Amino acid sequence: KKMYFEVDSRTHFTEEGIQHDIERTEFLKKEGWILIGRCNWSEYQKLSRSEREKYVQDIEQKILTEEHS
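Values in this document were obtained by computation on a predicted structure and should not be read as measured data.

**Considerations on the packing of aromatic side chains**
- Applying the stated criterion across every chain, the model contains four aromatic pairs.
- Considering the side-chain rings of Tyr 4 and Trp 33, the 6.3 Å spacing of their centres and the 75° angle between planes classify their relative orientation as edge-to-face. In this pair, Tyr 4 sits in strand 1 (residues 3–8) while Trp 33 sits in the loop between helix 1 (15–30) and strand 2 (34–40), placing the two residues 29 residues apart along the sequence.
- Among the aromatic side chains, those forming a connected cluster through ring pairs are Phe 5, Trp 41, Tyr 44 and Tyr 55.

Next comes the structure, spelled out in structure tokens:
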């Protein structure tokens, strides 16, 4: 399956960045890609180690769930 996960930096939160993300997401969806999730990198960096581990585990679970659907 075609799956992807986005890690966004602050450039994604500008008007141009948001429009670019919308266009890219639409293109990838048409090509059969499935968005598993998005992460704001600066917010992720603020998480504790245990919170980061939980976050990654949740992503892994989404991937496994999608693979079996």
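Further notes follow.
**A look at the pattern of salt bridges**
- For the structure shown, the criterion picks out six salt bridges.
- In this structure, the salt-bridge partner of Arg 24 is Glu 6, at a minimum N-O distance of 2.5 Å. One end of the pair, Arg 24, is in helix 1; the other, Glu 6, is in strand 1, with 18 residues separating them in the sequence.
- For the salt bridge of Asp 21 with Arg 24, the shortest nitrogen-to-oxygen distance reads 3.0 Å.

**A few points about helix 1**
- The first and last C-alpha atoms of helix 1 sit 23 Å apart over 16 residues, in line with the 22 Å expected at 1.5 Å per residue.
- Burial in helix 1 covers these residues: Gly 17, Asp 21, Thr 25 and Leu 28. The buried side chains of helix 1 occupy one side of the element, clustering within an arc of 70° when seen end-on. Exposed and facing more than 90 degrees away from the buried side of helix 1 are Glu 15, Glu 16 and Lys 30.
- Next to the buried residues of helix 1 lie strand 1 and strand 2.
- Remark: Gly 32 follows helix 1 within two positions and exhibits a positive phi of approximately 95°.

Definitions and limits used
Residues numbered from 1 in each chain as written. Predicted model: local features only at pLDDT ≥ 70, side-chain atom pairs only at ≥ 80, totals over all residues. Heavy atoms only, no water. Phe/Tyr/Trp six-rings, centres within 6.5 Å; stacked < 30°, edge-to-face > 60°. Helix = DSSP H or I, 4+ residues; strand = E, 2+ residues; numbered from the N terminus. Salt bridge = Lys/Arg side-chain N within 4 Å of Asp/Glu carboxyl O. Expected span 1.5 Å × (residues − 1). Buried < 20%, exposed > 50% of the residue type's maximum accessible area, 1.4 Å probe, protein only. Arc of directions from axis to C-beta. Contact = heavy atoms within 4.5 Å.

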